[in-house]
Amino acid sequence: MVDHLKQHILLYVLGPLLILTVGASYYRYMVSYDYLVRYEGDCDPYTEICFQYCEDESCNDPSYYTWITREASVIKANCVENDVTLCEFAYTCEAGEENCTITHCDTASDTDECEFLEESDRPQTEQGTSQNEETPS
Amino acid sequence: MICYLYEAPTYLFFAPDLPELLYYSHIPTTIVALLIGFFVFYKGPTLLPNRLLLLIAIFFSVWILVSLVSWTNIHGDLIAFIWPAFAITAGFLAVYSIYFIYSFLYMRDVSFYMKLVFLAFLVPLLLFSVTDLSVSGFNLTDCDAFGFEGTAYKIYYTALGFIAMGWILIELVKNYYTANKNLRSQILLMGIGVEFFLFTFITLTFIATYLTGLGYFQDSRLEFFGLFGMTVFMAMIGVLVVKFNSFHVSALAAEVIIAAMIVLIGSQYAYVATAASQILTTVTLTLTAIAGFVLIRSVRKEVKQREEIEKLAQRLEKANKRLKVLDQLKSEFVSIASHQLRSPLTSVRGYASMLLEGSYGKLPDKARDAVERINESSRMMALSVEDYLNVSRIQAGNMKYVYSDFNLADMASRIVDDVRRDAIKKGLVLSFKSDLQGRGIVHADKGKTMQIIHNLVNNAIKYTPKGTITVFAYDKGKKVCIDVIDTGIGMSTETAEHIFAKFERAKNANEVNVTGTGLGLYVAQKMAEEMGGGVEAFSDGEGQGSTFRLTLPLQM
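Only a predicted model underlies this, so the values are computations on that prediction, with no experimental measurement involved.

Broken down by element type, chain B carries 15 helices and eight strands. Put simply, chain B has 556 residues, and 46% of those count as buried. The contacts in chain B between residues at least 6 apart in sequence include a share of 72% that link residues at least 24 apart. Surface accessibility of chain B: about 28600 Å² in total, with carbon and sulfur atoms responsible for 61%.

Written out as structure tokens, the structure reads:
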């Protein structure tokens, strides 16, 4: 019996441990959503320092964003279909909410990506309203 | 949690706008690994190396599946759940590669203590996989968890890969220098395969994921190239199986080549885009599969026949060895029996001779007749016993030859004179002729040569009921020949072919002589051959007479 256990110790230790690991991992990520999610948040380059994304080198139509990090369980509880783009709640941190951060571009370390525009550069629309008043999608 | 920038996949991991190399690097390599793994396991399911190879193929396939799902799926929670499997499978691949190499080299299980070492490597990997040390979050924008992987955890399982490489290299080198040539080739092939696989897989996946996590790469497509190491590893396993029957598996090169061709053609589905290309690929694949099936069946049939012939040859060889042993035993028995017979025979012949010579007074006529018969029969028996003894000596390699130079024609002439009286008694004409151009000197054993000629002439007298016997000496090139030509019973061509075999006599021999042993010609030929010559027999058929020719090389 002891010899048998010694011979198959890898199976008897690693097998159950592997099953437990898969189970625990499943519970953590698929049931309790105990992890952080990171996604792009809205950013107005005229009032905030934003990360900038360009489709190509000419960068004619850049997009601006911040990084939002928060608990996946919070998103799960407040957003339908787990899609942050369909959820207003996803873009602001609640007061006192733990592990919720909105990261703006840091000009000290992310100079290449960061963008801050002067108010005078803001293009005027025909109705005279500015772009930053539009609801971001 | 939905990765909002990407489209949902179809059939779990088929999505548009992915790197072209993704499917080509993932699917064919997995098929090859699983094919070889299951094939080797199927052929030897109880053998440890075979089981471990299958486990390695399965761990690799799990890694591939996780990779494909991560690349194509948009459900962040699912990807986060399977993300730790990258580390677990990589760590298991590294440690089980060590285990596999050990079992391959030593053909036995590793010790209990080494298993504890393996556990010490793997248990932390599993325990920490569900903690933030492994993966703490997920990036819904990039749809990956590179930025949330724990650096220490990543370094730990990568280090396991490098430890495995070093450990395996040491074991392979250690065994290489003590192995024989055949095993050396196997160690070399295995070493190239497993080290190349581990190096490309561990190094490229680490570099790709680490640099992607740091933001240097947009994604980890560099890791695709690391997967081809598995194909090389499995190719080496294939060579080991085909060439060396490693893993106790015998496979035909044709089977492996056809399987490889089918996988290669099938892998084109990973990148052909148009319907026409897909149809062409399908047709090619089908034709290759059919042709391959026919070819393999034909080769298998031939191999089976060859194996059966080899088995038969082995059995024949065994039977032949057994027969030789039996023949040796028989010769020893004959030798012992003959020696025991010779002593009393000498006494019988001696006393019979003394009786005939009148040493014990004059014999009455009736008694003389009886004693003459005793004398003649014992003489014949003595000759037979001598034949048996000669056969034993020849077979045991104990026949002694004393070489000297002498005139063969003179010897034949004297023998003819000696036995002429016997020929005349039977009413035969025995004559000697010579057509020698030179001196006819040969270098041979005089006694043995005399015995041969005596045997041939006596045979001629025995088997010639009426007519003539001519002994003809002549030279032919660098040889001297003595032909004994008779008008006796002759023999068929079939008999002539076997007449020099042991205990072989012509079918019609008993009609004229019943006392022959069938050993005289065998002994004569063996002795002549030993002296550099030979004895041959010619006849136009039964009743047509015979010619027996002794040939000996001229003394130069």
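Once you've had a look at it, read on.
What follows concerns a negative patch on the surface. Judged by side-chain charge, Glu55, Asp56, Glu57 and Asp61 of chain A come together as a negatively charged surface patch. For Asp61 of chain A, a relative accessible area of 65% puts it in the exposed group.

The next thing to look at is the pattern of salt bridges. Residues and elements named next belong to chain B. Tallied over the entire structure, the rule returns 12 salt bridges over all chains. For Glu149, the salt bridge is made with Lys154, and the minimal N-O distance between the two is 2.4 Å. Across the pair, exposure class does not vary: Glu149 and Lys154 are buried alike. With a closest N to O distance of 2.8 Å, Arg549 and Asp483 form a salt bridge. In this pair, Arg549 is assigned in strand β8 (residues 546–553) and Asp483 in strand β6 (residues 479–486), connecting sequence segments 66 residues apart. Comparing Arg549 with Asp483, the two get one shared label, buried.

Another aspect to go through is the nonpolar core. Ranked by size, the top nonpolar core spans 108 residues in total, and within it Tyr96, Phe100, Phe233 and Ile237 of chain B carry the most contacts. Top element by residues in this core is helix α4 (residues 84–106) of chain B. It accounts for 17 residues. Contact partners of Tyr96 of chain B, with chain neighbours within four places excluded, come to Leu10 and Leu14 of chain A together with Leu52, Leu55, Ile56, Phe59 and Leu122 of chain B. Within the second largest apolar cluster, 47 residues are counted, among which are Leu430, Ala444, Val457 and Leu521 of chain B.

A word on the pairing of strand β7 (residues 534–539) of chain B. All names here are of chain B. Bridge count for β7 against β8 is six bridges, and the pairing is antiparallel. Counterpart to Phe538 in the pairing with β8 is Thr547. Between the antiparallel neighbours β7 and β8 lie six residues, among them Gly541 with a positive phi of about 135°.

Another aspect to go through is the state of the cysteines. All names here are of chain A. Applying the stated criterion across every chain, the model contains five disulfides over all chains. The side chain of Cys43 participates in a disulfide bridge whose partner is Cys50; the two sulfur atoms lie 1.9 Å from each other. Its S-S torsion of about -85° marks the bond between Cys43 and Cys50 as left-handed, since a negative value means left-handed. Taking the relative accessible area as the measure of exposure, Cys50 reaches 0% and is therefore buried. Each sulfur of the disulfide joining Cys93 and Cys100 lies 1.9 Å from the other. One quick way to see it: the torsion about the S-S bond of Cys93 and Cys100 is about -80°, and its sign makes the bridge left-handed. Judged by its relative accessible area of 29%, Cys93 is partly exposed. The exposure class of Cys100 is buried, given its relative accessible area of 13%.

A separate point is unusual backbone geometry. Residues and elements named next belong to chain A. Its identity is not glycine, yet Glu81 carries a phi of approximately 60°, on the positive side. Within the secondary structure, Glu81 is located in the loop between α3 (72–78) and β4 (101–103). Although it is not a glycine, Asn99 sits at a positive phi angle of roughly 60°. Looking at the element boundaries, Asn99 is found in the loop between α3 and β4. The exposure class assigned to Asn99 is partly exposed, which follows from its relative accessible area of 43%.

Glancing now at the confidence of the model for chain A. Low pLDDT means the predicted atomic positions in that stretch should not be read closely. Residue and element names in this part refer to chain A. On average, residues of chain A score 81 in pLDDT, and 83% of them reach the 70 mark or higher. Within chain A, the element-level pLDDT minimum falls on strand β5 (residues 114–115), averaging 76, and the maximum on helix α2 (residues 9–31), averaging 95. The low-confidence segment residues 126–137, where pLDDT is below 50, has eight contacts with residues more than four positions distant or belonging to other chains.

Once that is clear, we can look at α4 of chain B. Helical periodicity: at 3.6 residues per turn, an α-helix aligns residues three or four positions apart in one direction. Counted at 1.5 Å a residue, the expected span for α4 of chain B with its 23 residues is 33 Å, and the 33 Å between its end C-alpha atoms agrees. After α4 of chain B finishes, the residue Met107 of chain B shows a positive phi value of roughly 55°.

Right, let's talk about the sheet that holds strand β3 (residues 429–434) of chain B for a bit. Residue and element names in this part refer to chain B. Here five strands make up an open sheet; going across it, the order is β3-β5-β6-β8-β7 and the pairing mixed. Two strands bound the open sheet, and with one partner strand each, they are β3 and β7. Each strand of the sheet is rotated relative to its neighbour by a mean of 15°, with strand direction disregarded. Contacts between helix α12 (residues 408–425) and the sheet are confined to β3, β5 (468–476), β6 and β8, with β3 contributing the most and set at about 170° to the helix. Taken strand by strand, helix α15 (residues 520–530) contacts β7 and β8, and its axis lies near 130° from that of β7.

Turning our attention to a nonpolar patch on the surface. Residue and element names in this part refer to chain A. On the surface, Met1, Val2, Leu5, Leu11 and Tyr12 cluster together to form a nonpolar patch covering roughly 570 Å² of accessible area. If you list the elements that add at least two residues to the nonpolar patch, you get α1 (2–7) and α2. Here Met1 lies in the segment before α1. Residue Met1 is classed as exposed on the basis of its relative accessible area of 76%.

When two helices pack together, their arrangement is captured by the angle between the axes and the distance separating the axes. All names here are of chain B. Viewed as axis vectors pointing N to C, helix α5 (residues 112–127) and helix α6 (residues 151–178) meet at an angle of 155°, and their least axial separation amounts to 10 Å. In this view, α5 runs roughly antiparallel relative to α6, as classed from their interaxial angle. Handedness of the crossing formed by α5 with α6: left-handed. Residues Met114, Val117, Phe118, Ala120, Phe121, Pro124 and Leu125 of α5 lie in contact with α6, whose contacting residues are Tyr153, Tyr156, Tyr157, Leu160, Ile163 and Trp167. Of the residues contributing to the contact of α5 with α6, the split by class is 13 nonpolar, no polar and no charged.

What follows covers the interface of chain A and chain B. Taken residue by residue, the interface counts 32 residues in chain A and 35 residues in chain B. For the pairing of chain A and chain B, the buried interface totals around 2900 Å² over both sides, and the portion due to carbon and sulfur atoms is 72%. The largest share of the area that chain A buries against chain B comes from Leu10, Leu14 and Tyr29 of chain A, three residues that together contribute 20% of it. Seen at the junction of chain A and chain B, the total is one salt bridge. As a salt-bridge pair, Asp132 of chain B and Arg28 of chain A come within 2.3 Å of each other at their nearest N and O atoms.

Quick notes on the rules
- Residues numbered from 1 in each chain as written.
- Chains lettered and ligands numbered in written order.
- Predicted model: local features only at pLDDT ≥ 70, side-chain atom pairs only at ≥ 80, totals over all residues.
- Heavy atoms only, no water.
- Helix = DSSP H or I, 4+ residues; strand = E, 2+ residues; numbered from the N terminus.
- Buried < 20%, exposed > 50% of the residue type's maximum accessible area, 1.4 Å probe, protein only.
- Contact = heavy atoms within 4.5 Å.
- Areas by Shrake-Rupley, 256 points an atom, 1.4 Å probe, with all protein chains shown as cover.
- Patch = residues over 30% accessible without salt bridge, like charges linked within 9 Å, V, L, I, M, F, W, Y side chains within 5 Å.
- Salt bridge = Lys/Arg side-chain N within 4 Å of Asp/Glu carboxyl O.
- Lys, Arg positive; Asp, Glu negative; His and termini not counted.
- Charge placed at Lys NZ, Arg CZ, Asp CG, Glu CD.
- Core = buried A, V, L, I, M, F, W, Y, C linked by side-chain atoms within 4.5 Å.
- Pairing = 2+ DSSP bridges.
- Disulfide = S-S within 2.5 Å.
- pLDDT = per-residue confidence, 0-100.
- Expected span 1.5 Å × (residues − 1).
- Axes fitted to C-alpha atoms, helices over the stretch in contact; angles between N-to-C directions.
- Parallel < 35°, antiparallel > 145°, perpendicular 65-115°, else oblique.
- Left-handed = near helix turned anticlockwise from the far one by under 90°.
- Nonpolar A, V, L, I, M, F, W, Y, C, P; charged D, E, K, R; others polar.
- Buried area = accessible area lost by both parts, 1.4 Å probe.

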